[in-house]
Amino acid sequence: MNPFFKKFSEKFIEGLLMISGTVTSLTVVLIVFFLFKEGISVFNKKAVEEGYVIAVNKSNKVNSISPEDIKNIFDQKITSWKDLGGKDSIILFRLEDISTYFTDEQIGENFERLPACISRVVDSIPQIFAFFPEKYMDKNFKGKEIEAGKISFNTFFGGKEWFPTAQPAAQLGAKPLILGTLWVSLGAILLALPLGLAAAIYMSEIAKDKVRRVMKPLIELLAGIPSVVYGFFGLVVIVPAIQKLFNLPVGETGLAGSIILGIMALPTIITISEDAMRNTPRSMKEASLALGASKWQTICRVVIPHSISGITAAAILGIGRAIGETMAVLMVTGNAAVIPHSILEPMRTIPATIAAELGEAPNGGVHYKALFALGCILFVMTLVINLTVEFITGSKKYKKH
Amino acid sequence: MKQVDENKLAKSKKRKQSLAFFMFGFIGFVIVGILLTVLSFIVFKGVSVISWDFITKMPEEGMTRGGIYPAIIGTLCLVGGSMIFAFPIGVMAAIYMNEYVRDGIIKKIIKQMTNNLSGIPSIVFGLFGMALFVNKLGFGDSILAGSLTLGLLALPVVIRTTEEALKGVDDTFRHASLGLGATKWQTTRRVVLPIAFPNIITGLILSVGRVSGETAPILFTVAAYFLPKLPTSIFDQAMALPYHLYVISTSGTNIEESRPIAYGTALVLIIIVLLTNILANFLRKYFGKKVKMN
């Protein structure tokens, strides 16, 4: 073969391989880019229904109103501007109220004088809070249009209500979802960690080799079952059982989610912590036994301290799996977007929210972007968890095989 | 007197120890028991549903009757599509990582990024797939968009298993080949890859198992709720087994009546996943011995 061609083809193949090598990096960068581009732009959006504006009298000192306050004004939970930093009580004005101020004649047959009428109403009543379609905004509008329903970091992360399709202003408070995710995941790890550790100790230190060789692949098989099957199992077995056991109106609770997630986190916890325990040098164990320590003492004082970083990694990774899990949780937790008070209430996690709502959210709207913002939160959570695990396992002797 | 006390102490210590060990063993078996319960429950309830008609007929009457043929075909299309994309790229990336690039910053970055990618929750892949493939590139809800999304999800699995397979090839093979004057690529293609091949295939099978059960990434990129016809092109929507199971067990029009179908679907899904896992395990053991003998 021509040596030049040979060299060229070698280089060409190396280039091809290099490009393939960068695909994962590129994907991560693209995921971050798209996720955050859509997610962050929710903070430029308004929660108020598309095409509507909110205006007040010029003398009003209030300049912006949060989505939550708008909802409260409409629900008449807030009836005074004092709550929002102004004075006097609020007079709510909606488009249909126009007939109490003007006759049909004044408005005109085809609403041609409607913009002027609205302008006059807003101008003449100091306490007014007017909500009307943007197309009826007069050219020389005499009121003050205020920045209303802007989604801020505070309303998003601190808001207590997730009600993205609410009228007139979408309520996008991620707090119940974040709390729901944490509750369900922590519940799962509380169930799975003691069980998983016990099984790992048994498999690495106590069980005969024969038992271990059967047990390990079986437990790894547990990791292979699709999450939707776990969800289905939870739905037809665990949910009714919980409902009966605790005498609840519905069985779809955070606890059901925790149990299913706990089962799903078990293989992760067992395999990683078992690997760590088996990495304890034989010489250390034998030294301990030779000094007269019992097997139990050796496990407690030698094996576990030696593999503690691996065990920690297993626990954190287990939480990570639980936080990111979607389908099983979606099917068994009941998905009520309220701040949880007990594990026996329906809860809703971030992944479940995305899965349940993205299909119905209009492309590019507030709701759509808010779901991407949730995706960002999820991404950051799992990234932090994975980096922590790498830090823990990387800084100690323990290495994954 | 003292001697007796010590004996007693040792005995009670020993009793405590054996009690603790018994507990640990018990828990271990309980966990295996959970697995067997989940499996046998699905098998027990699903086995009466499965018939030739069930896997070769279209769903009927709001999915309360008929089969799951289009869902099976849809899943096959998605698995095939994602592997066509992920397998070559994953294998090439692993070859690059293991055979070509030297230890250093680039290798570290690629490794880190692959790790990060494998840690991303599957629903985030779904979001990404929707933003990029469905909306930005305009594929719409299609097999293409779903396959690409699933492919990205499977990529770290393929890379990791291939890397392990390549690492298992003894360096003496490489040195011998290079020493005979073969180029790097010739060495890789003629020596390293044939030896690592069985383990690479094992990785492929494992990723097939993983991909065929994923639901969250296909929710918004391909899945159709009810579509009693087969896809004709890669731009068609399709049904898929995991999504089908989700839909008929939670939001079907007649949840109670379609329950048997749900059990059947779950069983088919589990059979696919178990078969791939068992096959992968078998191959690993079978070829593992063979390679060592060489």
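The rules behind each value
Residues numbered from 1 in each chain as written. Chains lettered and ligands numbered in written order. Predicted model: local features only at pLDDT ≥ 70, side-chain atom pairs only at ≥ 80, totals over all residues. Heavy atoms only, no water. Helix = DSSP H or I, 4+ residues; strand = E, 2+ residues; numbered from the N terminus. Buried < 20%, exposed > 50% of the residue type's maximum accessible area, 1.4 Å probe, protein only. Contact = heavy atoms within 4.5 Å. Areas by Shrake-Rupley, 256 points an atom, 1.4 Å probe, with all protein chains shown as cover. Phe/Tyr/Trp six-rings, centres within 6.5 Å; stacked < 30°, edge-to-face > 60°. Domains from an automatic or database assignment. Buried area = accessible area lost by both parts, 1.4 Å probe. Polar contact = N/O pair within 3.5 Å; in protein donor to acceptor, adjacent residues only side chain to side chain. Axes fitted to C-alpha atoms, helices over the stretch in contact; angles between N-to-C directions. Parallel < 35°, antiparallel > 145°, perpendicular 65-115°, else oblique. Left-handed = near helix turned anticlockwise from the far one by under 90°. Nonpolar A, V, L, I, M, F, W, Y, C, P; charged D, E, K, R; others polar.

(A) Quick peek at the overall build of chain B. What chain B contains, in helices and strands, is 10 helices and two strands. From first element to last, N terminus to C terminus, chain B shows the α and β order α-α-β-β-α-α-α-α-α-α-α-α. With the C-alpha coordinates of chain B rotated into their principal frame, the extents come out at 80 × 70 × 35 Å. Here chain B holds 294 residues, and 51% of them are scored as buried. Counted over contacts in chain B with a minimum sequence separation of 6, partners at least 24 positions apart contribute 74%. Accessible surface, chain B as shown: approximately 14200 Å² in total, 65% of it carbon and sulfur.

(B) Broad picture of the packing of aromatic side chains. By the definition in use, this model includes 22 aromatic pairs over all chains. Note on Phe-33 of chain A and Phe-34 of chain A: the rings are 5.4 Å apart at their centroids and 80° apart in plane angle, and the pair reads as edge-to-face. What makes Phe-34 of chain A buried here is its relative accessible area of 5%. Relative to Phe-156 of chain A, the ring of Phe-43 of chain A has its centre 5.7 Å away and its plane inclined at 85°; by these criteria the two rings are edge-to-face. A residue pair is termed long-range when its members are at least 10 positions apart, and Phe-43 of chain A in the loop between α1 (3–40) and β1 (52–56) and Phe-156 of chain A in helix α6 (residues 153–158) qualify at 113 residues. No difference in accessibility class separates Phe-43 of chain A from Phe-156 of chain A, as the two residues are buried. Each member of the aromatic cluster is reached from another via a ring pair, and the members are Phe-33 and Phe-34 of chain A together with Phe-128, Phe-133, Phe-139 and Phe-235 of chain B.

(C) Examining the domain arrangement of chain B more closely. Residues and elements named next belong to chain B. For chain B, the assigned domains are domain 1 (1–46) and domain 2 (52–293). Relative to domain 2, the C-alpha centre of domain 1 lies at a distance of 39 Å. Listed as interface residues are six residues of domain 1 and, on the opposing side, six residues of domain 2. Across the domain 1/domain 2 interface, buried area totals approximately 560 Å², and carbon plus sulfur atoms make up 88% of it. Interface area lost by domain 1 to domain 2 is led by Leu-39, Ile-42 and Gly-46, which between them contribute 65%. The interface formed by domain 1 and domain 2 includes zero residue pairs in polar contact (both at pLDDT 80 or more).

(D) Representation of the packing of helix α6 (residues 143–167) of chain B against helix α8 (residues 184–213) of chain B. Residue and element names in this part refer to chain B. At a minimum axis separation of 8 Å, α6 and α8 run at an interaxial angle of 150°. In this view, α6 runs roughly antiparallel relative to α8, as classed from their interaxial angle. Like other packed secondary-structure pairs, α6 and α8 cross with a definite hand, here right-handed. Of the residues in α8, those in contact with Leu-150, Leu-153, Ala-154, Val-157, Val-158, Thr-161, Thr-162, Ala-165 and Leu-166 of α6 are Val-192, Leu-193, Ala-196, Asn-199, Ile-200, Gly-203, Leu-206, Ser-207, Arg-210 and Val-211. Counted by class, the contact of α6 with α8 contains 13 nonpolar, five polar and one charged residues.

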